[in-house]
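# Observations on chain architecture
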Amino acid sequence: MKMNSHHIKYWLIKSTLLSMLLAYSFFSFSEEHLNNKEKFDLHSINFVQKSIDVSKSDESLYFSLKAYSQLGLNTVNIYFESPSGEEIIQTSCTNKKKTKVGLLLGRILFKKKSESGVWKINKIVIEDLNGNLKTFDKAFLIENKFTHTLRINSGKLRR
């Protein structure tokens, strides 16, 4: 089969386009994974109270949290774990300004039936404006000294 100049141009263009597509896929994949650690950060969390008495009525814990998301901070979810580990209570804070850095104020309700003892943060999940999530687990929280605890007095003891 003889190849004329049209065939040669066709195959050159096709192979060039395919090479460009593969290169784009590779670089966007690599860039996403290299920058993944830079997209989110957890700066601080502070509780207003160090202990709450819920033996007579439900009470709220108020806190502030500062976080960062390169693509714009949307929501932060905080999960508190009971002393026995059998109960998890979750709360969300939303960055209404949709900025990259947000100082969020939140509250979480502890019920009268909540387990007495020292509650700890189990994990913190940050969501950016594109729906990407970053979870800061117990190991990260301990390693970075986010070891905030809250004493709950409810009269209900561990099983």
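Anything mentioned here points back to the structure above.
The model shown is predicted, which means the values in this text are computed figures rather than measured ones.

### What about the overall build of the chain?
The secondary structure content of the chain amounts to two helices and nine strands. N-terminal to C-terminal, the α/β element order of the chain is α-β-β-β-β-β-β-β-β-α-β. Split into buried and exposed, the 159 residues of the chain put 32% on the buried side. In the chain, 69% of the contacts between residues at least 6 apart in sequence involve partners at least 24 apart. When the accessible surface of the chain is summed, it comes to about 10700 Å², and 55% of that surface belongs to carbon and sulfur atoms.

### Structural notes on the pattern of salt bridges
Two side chains bearing opposite charge may form a pair once their charged atoms approach each other closely. Scanning the entire structure with this criterion turns up one salt bridge. In this structure, Lys138 engages Glu81 in a salt bridge whose closest nitrogen and oxygen atoms are separated by 2.8 Å. Remark: Glu81 occurs in strand β4 (residues 73-81) and Lys138 occurs in helix α2 (residues 138-143); sequence separation between them is 57 residues. You can call Lys138 partly exposed: its relative accessible area is 39%.

### Comments concerning the side chain of Ser116
Mapping Ser116 onto the fold places it in the loop between β6 (101-110) and β7 (117-128). Using a relative accessible area of 11% as the deciding quantity, one classes Ser116 as buried. Within the local environment of Ser116, its side chain forms a polar contact with the backbone nitrogen of Ser154, the two atoms lying 2.8 Å apart.

### Quick look at unusual backbone geometry
Phi is positive for Lys98, close to 55 degrees, though the residue is something other than glycine. Here Lys98 lies in the loop between β5 (88-94) and β6. The class of Lys98 is partly exposed, set by a relative accessible area of 37%. Phi at Lys145 is positive, roughly 60 degrees, even though this residue is not glycine. Considering the arrangement of structural elements, one finds Lys145 in the loop between α2 and β9 (149-153). Using a relative accessible area of 67% as the deciding quantity, one classes Lys145 as exposed.

### Digging into the environment of Ser55
Assignment of secondary structure puts Ser55 in the loop between β2 (51-53) and β3 (59-69). Given the relative accessible area of 30%, Ser55 is considered partly exposed. Sequence spacing of Ser55 and Ser114 is 59 residues, and the spatial spacing of their C-alpha atoms is 9.0 Å. Of the polar contacts made by the side chain of Ser55, one reaches the side chain of Asp53; its length is 2.6 Å.

### Observations regarding the packing of aromatic side chains
This model, assessed by the stated rule, comprises five aromatic pairs. The interplanar angle of 45 degrees and the centroid separation of 5.8 Å between the aromatic rings of Phe47 and Phe80 together place this pair among those described as tilted. On the criterion of sequence distance, the pair formed by Phe47 in strand β1 (residues 40-47) and Phe80 in strand β4 is long-range, its members being 33 residues apart. A single burial state applies to Phe47 and to Phe80, both of which are buried. Taking the centre distance of 5.2 Å and the plane angle of 80 degrees together, the rings of Phe110 and Trp119 count as edge-to-face. Trp119 gets classed as buried once you look at its relative accessible area, which sits at 0%. Through successive ring pairs, a cluster of aromatic residues spans Phe47, Phe80, Phe110 and Trp119. For Lys123, the ring lying beneath its charged end belongs to Tyr79, and the centroid distance is 4.8 Å. A cation sits over an aromatic face here: Lys134 above Phe136, 5.7 Å from the ring centre.

Conventions and cut-offs
Residues numbered from 1 in each chain as written. Predicted model: local features only at pLDDT ≥ 70, side-chain atom pairs only at ≥ 80, totals over all residues. Heavy atoms only, no water. Helix = DSSP H or I, 4+ residues; strand = E, 2+ residues; numbered from the N terminus. Buried < 20%, exposed > 50% of the residue type's maximum accessible area, 1.4 Å probe, protein only. Contact = heavy atoms within 4.5 Å. Areas by Shrake-Rupley, 256 points an atom, 1.4 Å probe, with all protein chains shown as cover. Salt bridge = Lys/Arg side-chain N within 4 Å of Asp/Glu carboxyl O. Polar contact = N/O pair within 3.5 Å; in protein donor to acceptor, adjacent residues only side chain to side chain. Phe/Tyr/Trp six-rings, centres within 6.5 Å; stacked < 30°, edge-to-face > 60°. Lys NZ or Arg CZ within 6 Å of the ring centre and 35° of its normal.

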